[in-house]
Amino acid sequence: MSAHPTRAPRTGIPQPPTAPTASVQHAAARRGILEQGRARGLYSGAAWSLGDASGPYDRGWTGTRAHDGTPLDGTDLWDLASVTKPIVGLVVMALVERHVLTLDDTVGHHLHRYRDSPHAARTLAQLLDHTSGLPGGVPLYRDHPTRESLLTALGALPRTAEPGTRVTYSSQGFMLLGLIAEQATGRSLDALLTDLVSTPLGLTGTCFGPAPGQRARAVATEDCPWRGRTVTGEVHDENAVVLGGVAGHAGLFATLTDMERLARSLLGGGPQLLAPDTLARMTAPRTDHLNLRRALAWQGTDPHASPVGDTFGPASYGHTGFTGTSLWIDPEAARYAILLTNRVHPHREERGFTSLRREFHTVPAGRDPQRRGAPSGT
């Protein structure tokens, strides 16, 4: 008997090539969208991952860390910008679980410098879901170039609405949350992040500002007129710069792998940062009676203005970052989507990225277990 496996007889009839599966086609479509975005100058590089609780089924990267810079290799450090907010929110909720904080605690209770501020009575819950009435996007750094002067100005900001009556996206509210977490524990926000998020999940690249030896892996952001140079390995957000690079609203850097570990945890596929009922409370919509859907530190899926299109279910939640980053979780479909870019490189003007991000997320997920986790980079 032959030791060779039996082969089917050759018929002489050419066989048609095997058609690519839908998942392969969808992955190619996503890559094509992101490669076209780079060709259009929307960013120098992009990394992405789609997956579920057991890991990614489509991941990759394309482009360079800066225009004419080093090619991406998957170990790159991305400035998360406002994706910092829900990660700091996880720290706050972990402290709530440990009875260090409550959602009804007020700004004035924890931060004595703000006891006479118009925001003294605002609660942690109102800061987390952006219903505190604090304004958003205030460039305090322009007139307040030191940490002390900026913090003083923060307490004097006028309200934009009565608390609880309107969602006003406010980085200033998350600055206060970071300060409250530090005051309540006597520890720095970066130390709290390490203990309550990074160490449990094994996040090895997530940090407030890369160390000098890691900055070569950082993806460039803006050619910043305020700083007079291209920002690389330093937080892009100017208010966060004045605060020392560690703040509740911006400042975190992370790798694609670390973001995947966080997403898997949120879907129940890794170490759990919060008890299930706490996570459910954190991610449940709270403001459907107001102008925007918000949870505690998370964006919800607004039917009329979702940044990730209409393919994520009504229970989905996530967050976007000004630098071109996003993390989105759909618990009902048990999937996540991560997109990391430097869309502010070399300048911050909107050049079509918003529509590209929506198009990227609208491509069907196209799970294919046989292709799970295969990295794809150019």
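## Observations concerning empty space enclosed by the protein
Line of reasoning, step 1. Under the criterion given, the structure shown has 3 cavities of 30 Å³ or more.
Line of reasoning, step 2. Space inside the largest cavity adds up to approximately 90 Å³.
Line of reasoning, step 3. Looking at the largest cavity, the residues that line it are Arg147, Leu151, Met175, Gly178, Leu179, Glu182, Leu189, Leu243, Val246, Ala247 and Gly248.
Line of reasoning, step 4. Among the secondary structure elements, those contributing two or more residues to the lining of the largest cavity are α5 (147-155) and α6 (171-185).
Line of reasoning, step 5. Here the lining of the largest cavity gets 4 residues from one element, more than from any other, and that element is α6.
Line of reasoning, step 6. Residue composition of the lining of the largest cavity, by class: 7 nonpolar, 2 polar and 2 charged.

## Focus: the pattern of salt bridges
Line of reasoning, step 1. Per the stated rule, a full pass over the model turns up 15 salt bridges.
Line of reasoning, step 2. The salt bridge involving Glu234 is made with Arg227; its shortest N-O contact spans 3.5 Å.

## Quick look at the side chain of Gln126
Line of reasoning, step 1. Note on placement: Gln126 falls in helix α4 (residues 124-128).
Line of reasoning, step 2. From its side chain, Gln126 meets the backbone nitrogen of Thr123 in a polar contact 3.1 Å long.
Line of reasoning, step 3. Ignoring anything within four residues of it in the chain, the contact list for Gln126 reads Ala121, Thr131, Ser132, Pro163 and Gly164.

## Some remarks on the sheet that holds strand β4 (residues 207-208)
Line of reasoning, step 1. Reading across from one edge, β3-β7-β4 is the order of the 3 strands in this open sheet, with antiparallel pairing throughout. The open sheet has two edge strands with one neighbour each: β3 (78-79) and β4.
Line of reasoning, step 2. Taken together, the 2 bridges between β4 and strand β7 (residues 252-254) define a ladder with antiparallel strand orientation. Looking at the pairing, Phe208 lines up with Leu252 of β7.

## Concerning the environment of Glu238
Line of reasoning, step 1. Its place among the elements puts Glu238 in helix α8 (residues 238-242).
Line of reasoning, step 2. Assessed through its relative accessible area of 7%, Glu238 is described here as buried.
Line of reasoning, step 3. Through-space distance from the C-alpha of Glu238 to that of Pro139 is 7.7 Å; in sequence the pair is 99 residues apart.
Line of reasoning, step 4. With near-sequence residues (within four places) excluded, Glu238 lies in contact with Tyr141, Cys224, Trp226, Arg227 and Arg348.

## Here's the deal with the packing of aromatic side chains
Given two aromatic rings, their pairing is described by the distance between the two centres and the angle made by the two planes.
Line of reasoning, step 1. Under the counting rule described, the total for this entry stands at 3 aromatic pairs.
Line of reasoning, step 2. Aromatic side chains Tyr141 and Trp226 sit 4.9 Å apart centroid to centroid with 65° between the ring planes, which places their arrangement in the edge-to-face category. Linking Tyr141 in the loop between α4 and α5 with Trp226 in the loop between β5 (223-224) and β6 (229-230), this pair joins segments that are 85 residues apart in sequence.
Line of reasoning, step 3. Over the ring of Phe312 we find Arg335; its NZ or CZ atom is 4.1 Å from the centre of that ring.
Line of reasoning, step 4. Residue placement shows Arg343 over the ring face of Phe322; its charged tip is 4.5 Å from the ring centre.

## Some points on the confidence of the model for the protein
Atom-level detail of predicted coordinates should not be read off regions where pLDDT is low.
Line of reasoning, step 1. On average, residues of the protein carry a pLDDT of 93, and 91% of them reach 70 or more.
Line of reasoning, step 2. Below pLDDT 50 for its whole length, residues 1-11 participates in 0 contacts with residues either more than four positions away or in separate chains.

## Concerning α6
Line of reasoning, step 1. When the terminal C-alpha atoms of α6 are compared, their 22 Å separation across 15 residues agrees well with the 21 Å that a helix rising 1.5 Å per residue should span.
Line of reasoning, step 2. Of all the residues in α6, the buried ones are Ser171, Gln172, Gly173, Phe174, Met175, Leu176, Leu177, Gly178, Leu179, Ile180 and Ala181.
Line of reasoning, step 3. Packing partners of the buried residues in α6 comprise α2 (84-97), α3 (107-110), α4, α5, α7 (189-201) and α8.
Line of reasoning, step 4. Among the residues of α6, the N-terminal cap falls to Ser170, whose side-chain oxygen and the backbone nitrogen of Gln172 are separated by 3.3 Å.
Line of reasoning, step 5. Directly after α6, the chain includes Gly186, whose backbone phi takes a positive value near 70°.

## Points about the state of the cysteines
Line of reasoning, step 1. Across all of its chains, the model carries 0 disulfides by this definition.
Line of reasoning, step 2. Of all cysteine sulfurs in the structure, the one in Cys224 sits closest to Cys207, which takes part in no disulfide; the separation is 20 Å.

## Concerning the layout of surface pockets
Line of reasoning, step 1. Volume-wise, the largest pocket comes out at about 900 Å³.
Line of reasoning, step 2. Considering the residues around the largest pocket, the lining is formed by 41 residues, among which Ser82, Gly137, Tyr169, Ser171 and Phe322 are closest to the centre.
Line of reasoning, step 3. A class-by-class count of the residues in the lining of the largest pocket yields 14 nonpolar, 15 polar and 12 charged.

## Here's the deal with the nonpolar core
Line of reasoning, step 1. Ranked by internal contacts, the top residues of the largest apolar core, which has 77 residues, are Leu128, Leu176, Val197, Leu266 and Leu327.
Line of reasoning, step 2. In this structure, Leu50, Val308, Phe312 and Phe360 belong to the second largest nonpolar core, which totals 18 residues.

## So, the pairing of strand β10 (residues 325-330)
Line of reasoning, step 1. Among the 6 residues of β10, 6 are classified as buried, and the element is accordingly described as predominantly covered.
Line of reasoning, step 2. What you see with β10 is no split at all: Thr325, Leu327 and Ile329 on one side and Ser326, Trp328 and Asp330 on the other are buried throughout.
Line of reasoning, step 3. One ladder, built from 5 bridges, connects strand β9 (residues 317-321) with β10; its direction is antiparallel. Across the sheet, Gly321 pairs through a bridge with Thr325, a residue of β10.
Line of reasoning, step 4. Joining the antiparallel neighbours β9 and β10 is a turn of 3 residues, in which Gly324 adopts a positive phi near 110°.
Line of reasoning, step 5. Pairing geometry for β10 and strand β11 (residues 335-341), over 6 bridges, is antiparallel. Considered in β11, the bridge of Ser326 is made with Leu339.
Line of reasoning, step 6. Taking the residues that link successive antiparallel strands as the turn, the β10-β11 hairpin has 4 residues, and the phi of Ala334 there is positive, at about 55°.

Conventions and cut-offs
Residues numbered from 1 in each chain as written. Predicted model: local features only at pLDDT ≥ 70, side-chain atom pairs only at ≥ 80, totals over all residues. Heavy atoms only, no water. 1 Å grid on protein atoms, 1.4 Å probe; cavity = no way out; pocket = protein on both sides within 12 Å on 5 of 7 lines; lining within 4 Å. Points joined across faces, edges and corners; volume = space filled by probe spheres on them. Helix = DSSP H or I, 4+ residues; strand = E, 2+ residues; numbered from the N terminus. Nonpolar A, V, L, I, M, F, W, Y, C, P; charged D, E, K, R; others polar. Salt bridge = Lys/Arg side-chain N within 4 Å of Asp/Glu carboxyl O. Polar contact = N/O pair within 3.5 Å; in protein donor to acceptor, adjacent residues only side chain to side chain. Contact = heavy atoms within 4.5 Å. Pairing = 2+ DSSP bridges. Buried < 20%, exposed > 50% of the residue type's maximum accessible area, 1.4 Å probe, protein only. Phe/Tyr/Trp six-rings, centres within 6.5 Å; stacked < 30°, edge-to-face > 60°. Lys NZ or Arg CZ within 6 Å of the ring centre and 35° of its normal. pLDDT = per-residue confidence, 0-100. Expected span 1.5 Å × (residues − 1). Disulfide = S-S within 2.5 Å. Core = buried A, V, L, I, M, F, W, Y, C linked by side-chain atoms within 4.5 Å.

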